Amino acid sequence: MKTAIVTGGAGSLGRAICRKLASDGFIVYMTDISVEKCAEAIRETHLENVRAKKLDVTEEADWISIYDDVISECGRIDAVVNNAGVNIRYDIEECSVENWDKMFQINVRSVFLSIKHAIPIMKAQGGGSIINISSVCGLVGHRYTNESYTASKGAVTMLTKSIASRYGKFNIRCNSVHPSTVKTGLVNGFLSDPDRMRERIEEVPLGHLCAPEDVAAAVAFLASDEASFLNGVQLPVDGGTVCD
């Protein structure tokens, strides 16, 4: 069986990605900073072929450890989905240096560490798929989103393109997925303000928010053999938000 690692797996989006990959036949390592939350998520959703692992995505030693564990248990790593991320919602005039640095540490450093240690493994096994969850904010400026988030997701987009261009010769595919506002538990709280909710819906030509399952379907396709010639793609899952 193929194997996949998903970061930020205990959240709404991570759970949907894990569920979809597992249903497609992957052994999935659901990772998060809290292994207890992963285990709870697996129990609650009755996920099969999903294993809980603790991973602090900002710590290099944790990445080395989980890759060692997966190789020891399964012998290969076919897909890595870098889904973990945060948005500390301060506009640039109010954003502290500490919050700016934290955004880049979680949203960008984590992807760097993941890819750094995945590449030697994927080279040795003859290839693999790296899928980075960016955002529509990694493609365009967004008037409702703070600059630190947009800058960090833009960095993920360009890192994806760079890896795709340099490591495709090893049959390592690196692609990014760019959702618009995803209807998760955290976002539902943020958008409890009717005006904010109206703003986000009105910018989507299809007229509704993105569901976690929409993103999971895109991830699963990029991880599949059907996407074997897709490399360096920035795939919007946004209902047409950035089509202009």
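Anyway, here's the lowdown on the structure attached to this text. Quantities reported herein were computed from a predicted structural model and do not represent experimental measurements.

Moving on to unusual backbone geometry. Here His 46, not a glycine, exhibits a phi torsion of approximately 55°, which is positive. You can see His 46 is positioned in the loop between helix H2 (35–45) and strand E3 (50–54). Look at His 46 and you get exposed, because its relative accessible area is 67%. Within the chain, Asn 49 stands out as a residue other than glycine whose phi angle is a positive 60°.

Strand order in the open sheet formed by seven strands is E3-E2-E1-E4-E5-E6-E7, and the pairing between neighbours is parallel. Strands at the two margins of the open sheet, each flanked by one partner only, are E3 and strand E7 (234–237). Averaged over all neighbouring strand pairs, the angle between strand axes comes to 20°, with direction disregarded. Packed onto the sheet, H2 meets strand E2 (27–32) and E3 and runs at close to 165° relative to E3. Across the face of the sheet, helix H3 (residues 60–74) comes into contact with strand E1 (3–6), E2, E3 and strand E4 (79–82) while running at roughly 150° to E3.

Attention shifts here to the pattern of salt bridges. The final tally for this structure, using the stated rule, is 10 salt bridges. With a closest N to O distance of 3.4 Å, Arg 51 and Glu 73 form a salt bridge. Placement of Arg 51 in strand E3 and of Glu 73 in helix H3 is noted, with a sequence separation of 22 residues between them. Residue classification places Arg 51 among the partly exposed residues on the basis of a relative accessible area of 35%. Put simply, Asp 78 and Arg 76 hold a salt bridge, and the shortest N to O gap is 2.8 Å. Residues participating in the shared-partner salt-bridge network are Arg 51, Lys 53, Asp 69 and Glu 73.

A grouping of Asp 91, Glu 93, Glu 94 and Glu 147 is seen on the molecular surface, where their side chains present a negatively charged patch. Structurally, the position occupied by Glu 147 is in helix H5 (residues 147–167).

The next point concerns the side chain of His 117. Considering the arrangement of structural elements, one finds His 117 in helix H4 (residues 97–125). Residues within four places of His 117 in sequence aside, it is in contact with Glu 60, Trp 63, Ile 64 and Tyr 67.

Let us look at the nonpolar core. Core analysis: the largest hydrophobic core is formed by 32 residues, its most contacted members being Ile 17, Leu 21, Val 177 and Val 215. For this core, the secondary-structure elements that each account for two or more residues are E1, helix H1 (12–23), E2, H2, E4, strand E5 (128–133) and helix H8 (212–223). Those residues in contact with Leu 21 that sit more than four places away from it in its chain are Ala 4, Val 6, Phe 26, Val 28, Val 81, Ala 220 and Ala 223. Leu 55, Trp 63, Ile 115 and Ala 118 belong to the second largest nonpolar core, which has 27 residues in total.

Before going further, it helps to examine the side chain of Asp 56. Mapping Asp 56 onto the fold places it in the loop between E3 and H3. The buried charged residue Asp 56 lacks any salt bridge partner; its closest oppositely charged side chain belongs to Lys 54, at an N-O distance of 5.7 Å. Beyond its immediate sequence surroundings of up to four residues, Asp 56 is in contact with Ile 33 and Asp 62.

The probe, sized like a water molecule, is rolled over the atoms to show the empty space still left. As a volume, the largest pocket reaches approximately 1,300 Å³. Lining the largest pocket are 43 residues, and of these Asn 83, Gly 85, Val 86, Asn 87 and Leu 186 lie nearest its centre. Elements that contribute at least two residues to the lining of the largest pocket include exactly H1, H4, H5 and helix H6 (185–190). The residue inventory of the lining of the largest pocket, partitioned by class, reads 17 nonpolar, 17 polar and nine charged. For the second largest pocket, the calculated volume is near 230 Å³. The element contributing the most residues to the lining of the second largest pocket is helix H7 (residues 194–202), with three residues. Each residue belonging to the lining of the second largest pocket can be placed in one class, and the counts come to four nonpolar, three polar and seven charged.

What follows deals with the packing of aromatic side chains. According to the stated counting rule, one finds three aromatic pairs in the structure shown. Across the ring face of Phe 170, the terminal group of Lys 123 is positioned such that the distance to the ring centre comes to 4.5 Å.

To continue, consider H2. All buried positions along H2 are accounted for by Cys 38, Ala 41 and Ile 42. Looking straight down H2, one finds that the buried residues subtend no more than 100° of arc, so they occupy a single side. For H2, the exposed residues lying more than 90 degrees away from the buried face are Glu 36, Lys 37 and Arg 43. Its buried side turned inward, H2 meets H1, E2 and E3. Directly after H2, the chain includes His 46, whose backbone phi takes a positive value near 55°.

Reading guide: rules and limits
- Residues numbered from 1 in each chain as written.
- Predicted model: local features only at pLDDT ≥ 70, side-chain atom pairs only at ≥ 80, totals over all residues.
- Heavy atoms only, no water.
- Helix = DSSP H or I, 4+ residues; strand = E, 2+ residues; numbered from the N terminus.
- Buried < 20%, exposed > 50% of the residue type's maximum accessible area, 1.4 Å probe, protein only.
- Pairing = 2+ DSSP bridges.
- Axes fitted to C-alpha atoms, helices over the stretch in contact; angles between N-to-C directions.
- Contact = heavy atoms within 4.5 Å.
- Salt bridge = Lys/Arg side-chain N within 4 Å of Asp/Glu carboxyl O.
- Patch = residues over 30% accessible without salt bridge, like charges linked within 9 Å, V, L, I, M, F, W, Y side chains within 5 Å.
- Areas by Shrake-Rupley, 256 points an atom, 1.4 Å probe, with all protein chains shown as cover.
- Lys, Arg positive; Asp, Glu negative; His and termini not counted.
- Charge placed at Lys NZ, Arg CZ, Asp CG, Glu CD.
- Core = buried A, V, L, I, M, F, W, Y, C linked by side-chain atoms within 4.5 Å.
- 1 Å grid on protein atoms, 1.4 Å probe; cavity = no way out; pocket = protein on both sides within 12 Å on 5 of 7 lines; lining within 4 Å.
- Points joined across faces, edges and corners; volume = space filled by probe spheres on them.
- Nonpolar A, V, L, I, M, F, W, Y, C, P; charged D, E, K, R; others polar.
- Phe/Tyr/Trp six-rings, centres within 6.5 Å; stacked < 30°, edge-to-face > 60°.
- Lys NZ or Arg CZ within 6 Å of the ring centre and 35° of its normal.
- Arc of directions from axis to C-beta.

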